[in-house]
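These are the residues of each chain, in order.
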Amino acid sequence: MYDAPKLETALDQQDIKISADKVQVYYGETHAIKDVSVEIEDKTVTAFIGPSGCGKSTFLRTLNRMNDTIDICRVQGNILLDGEDIYHAKVDPVQLRAKVGMVFQKPNPFPKSIYDNIAYGPRIHGLANSKADLDVIVEKSLRRGAIWDEVKDRLHAPGTGLSGGQQQRLCIARAVATEPEVLLMDEPCSALDPIATAQVEELIDELRKNYSVVIVTHSMQQAARVSQKTAFFHLGNLVEYDDTSKIFTNPSDERTESYITGRIG
Amino acid sequence: MSDATIDPVTQPAPKRSSLHQTDARTRKRNAAEKRFKAYGICAIAVGIFFLVVLAVSIIRSGLPAFTQTVVSVEFTMTQDQFDAAEGELFKTKAYSAFFNNALVETLKEKGLEVESDAKAFERILGKTGGTLREFYRANPDELGKEVDFELSASSRVDGYMNGRLTRDNMEDSRFLEAADLDIVDAMITAGIIKETFNWNFITGADSGVDNPGGAGIGASVVGSFFMMLVVLCLSLPIGVAASIYLEEFAPQNKFTDLIEVNISNLAAVPSIVFGILGLAVFIQFMHLPQSAPLVGGLVLTLMTLPTIIISTRASLKAVPPSIRDAALGLGASRMQAVFHHVLPLAMPGILTGTIIGLAQALGETAPLLLIGMVGFVARGYPEGFISGFTDPNSAMPAQIYTWAARADVGFYEKAWGGIIILLIFLLTMNILAVILRRRFERRW
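Residues numbered from 1 in each chain as written. Chains lettered and ligands numbered in written order. Predicted model: local features only at pLDDT ≥ 70, side-chain atom pairs only at ≥ 80, totals over all residues. Heavy atoms only, no water.

Asker: Got a sec to walk through the packing of aromatic side chains? Specific residues and values, please.
Answerer: Throughout the structure, instances matching the rule amount to 21 aromatic pairs over all chains. Plain terms: the ring middles of F59 of chain A and F233 of chain A are 5.7 Å apart, the flat faces sit at 40° to each other, and that makes the pair tilted. With F59 of chain A in helix 2 (residues 56-62) and F233 of chain A in strand 9 (residues 229-234), this pair connects stretches of sequence that are 174 residues apart. For the pair F59 of chain A and F233 of chain A, one class covers both residues: buried. Centroid distance F135 of chain B to Y136 of chain B: 5.1 Å. Interplanar angle 80°. Geometry classified as edge-to-face. Looking at F135 of chain B, the relative accessible area reads 24%, which means it is partly exposed. (Phe/Tyr/Trp six-rings, centres within 6.5 Å; stacked < 30°, edge-to-face > 60°. Helix = DSSP H or I, 4+ residues; strand = E, 2+ residues; numbered from the N terminus. Buried < 20%, exposed > 50% of the residue type's maximum accessible area, 1.4 Å probe, protein only.)

Asker: Can you tell me about unusual backbone geometry, naming the residues and giving the values?
Answerer: Residue and element names in this part refer to chain A. Positive phi is not limited to glycine here, since E179 has a value of about 55°. Mapped onto the elements, E179 comes out in the loop between helix 7 (164-177) and strand 7 (182-186). Residue E179 is classed as partly exposed on the basis of its relative accessible area, which comes to 41%. For E187, which is not a glycine, the phi torsion comes out positive at approximately 45°. Within the fold, E187 resides in the loop between strand 7 and helix 8 (194-207).

Asker: Describe the pattern of salt bridges, with residues and values.
Answerer: Residues and elements named next belong to chain B. Tallied over the full model, the rule gives 26 salt bridges over all chains. Put simply, E86 and R133 hold a salt bridge, and the shortest N to O gap is 3.0 Å. Note that E86 is positioned in helix 2 (residues 79-87) and R133 in helix 5 (residues 128-138), a separation of 47 residues in sequence. For E86, the salt bridge identified is with R137, shortest N-O distance 3.3 Å. (Salt bridge = Lys/Arg side-chain N within 4 Å of Asp/Glu carboxyl O.)

Asker: Any chance you could break down the confidence of the model for chain B for me, citing the residues and the numbers?
Answerer: In low-pLDDT segments, the atomic positions of the prediction should not be examined closely. Residue and element names in this part refer to chain B. Residue-level pLDDT values for chain B average 85, and 96% of them are 70 or greater. Helix 6 (residues 155-161) is the least confidently modelled element of chain B, averaging 79 in pLDDT, while helix 1 (residues 24-62) averages 94, the highest of any element. Note on the complex model: pTM 0.79, ipTM 0.84. (pLDDT = per-residue confidence, 0-100.)

Asker: Account for the domain arrangement of chain B, with residues named and values stated.
Answerer: Interface size is commonly expressed as the accessible area that is lost once the parts come together. Residues and elements named next belong to chain B. What the domain assignment lists for chain B is domain 1 (66-197) and domain 2 (218-440). The straight-line distance from the C-alpha centre of domain 1 to that of domain 2 is 47 Å. Facing 6 residues of domain 1, the contacting portion of domain 2 comprises 7 residues. Here domain 1 packs against domain 2, burying approximately 520 Å² in sum over the two surfaces, 49% of which is carbon and sulfur. Interface area lost by domain 1 to domain 2 is led by F66, R156 and R164, which between them contribute 72%. Where domain 1 touches domain 2, the interface holds 0 salt bridges. Here domain 1 is connected to domain 2 by 0 residue pairs in polar contact (both at pLDDT 80 or more). Its residues assigned to classes, the side of domain 1 that touches domain 2 shows 1 nonpolar, 2 polar and 3 charged. (Domains from an automatic or database assignment. Contact = heavy atoms within 4.5 Å. Buried area = accessible area lost by both parts, 1.4 Å probe. Polar contact = N/O pair within 3.5 Å; in protein donor to acceptor, adjacent residues only side chain to side chain. Nonpolar A, V, L, I, M, F, W, Y, C, P; charged D, E, K, R; others polar.)

If you want it as structure tokens, here you go:
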């Protein structure tokens, strides 16, 4: 895609949105994330790459406390969102997740109409005062999800009837409808064909204007295409975290280089 | 890569075989598959055979319960006769005598000669005098007019009409003697005896032990209905709430494991145990009324709860976790995720489980034995909605059990007829379950 201009913008100085410090995650006895410290910038796409089982998805899910739903999972260390500890006892994970939205690997629209899929978040958070407000939010979100033109004539058709790529864009639109500050994406394109992937990637680049986007991906090309910062995870460790251009052209760690060149992973 | 290290000389040359020839191994495998299919078909055939045998025997034995034999006689009673009968010491006997005369006259008109034997007529038609006296006292203006009486024949005559009783297999008893059959035959020739549909069996209440003809299942259907109302109103909310908590909110620990194991075990506890529990707790300790549908409903609720909890949990589990993730990821609370998304998707399964549980409870007899719904003779309908719960009543399976235990063979076919009614209700409920499942099932 258009790699070159993106790499330049990545060099701009950005504010820190999420700051993780010495994060440890345990699944029962398993030490899944070891001592990970990372600073995620605002209005930036940050890619997490690494071989399967290296903990990148786990780490992503600690950022909006989705791991809370797993009983045996324990998190230690500090994760600050705008300087506030998100694991503080006073924090309600529900409030946090409204700020830190998430898009999952498999498109998971609710088995309801397209309209209701988008309107669900704004409804439960009370973002719309009237039906007209809600209509506006739905249209805006679907436009941001780059799917408005395809579905505007069938807003009340079931969301599950869309194609895989459309479903995933619907899920992204649903996530942005609640006006989050950070958008976490867990391998959003792994179930999509190349054309749908291209559409979603374009969308991610678009979203960067308003959000801090964190994307987990198995495709290094994708990381190179969409992100400005890249973090390489290996066996639960954060091996290297730097500008995407640097990681892919001149990695400082040997393991990163091996992975990128295809020798491990 | 590792293959490359193997010496090509030691590698045996691949055997060539034709695809047009089945080799021995494949033949064996195919034969095994065929055998297995045959076993399956056999099993299904045996199942269907028994089902057909069951259905045929139920219908054959039960259908006579839906017909009754009536003798219709045109009878006129004058004012004088009425006064004379009322003046007698044994009033109903006098009425019977007038009626018997009329009957003999009727047969004589058709050219049939029968002996006027009051005892024999009583064996055939029961105590007709009572019925007549009741009628004329209630409608005195019918006196002097011709009235067409339809009197139901006794259960033995009923049996003779539908072939249960023959001249060969009958024994003389105080219920029927062989000579009485001559009178019945005469009546048949005269065409005054006929079989009609027995509405009383469906709408009526239970009768005494010596009157199988008058027994109906209606009152116990009402009893069962009130019981099911109690079961539904208690077990659905309790069961669904318990399963939602266990499945979606409860932490995974030793205590919840223990609860889970116990719920599964409760589902396998014999129902009579629940009956004795109900007797001890609801009747002896809480002093709730005996034989009441309320208590029956409570006991059956205990019995149905595990079934509902297990099926509800299974259908909650079947909702893909991605739906929960999606809702939680949008900032929905757990409760919102469950009530807005998971529960609607699990609804068909929950409803099916509930209806199956209710159907099971509807057919349950053993616990009702112990709380007094079996021995009770449901002679009438409850008077109001509330008393429907608290007045002693019977239930369908209990009524069937009671009839089956009675000495008079006439009750035997009533029991079978009761089974037909019960099965109709069960079938309706199961069909409803299937329809609901189809209706609410959503695909994703």
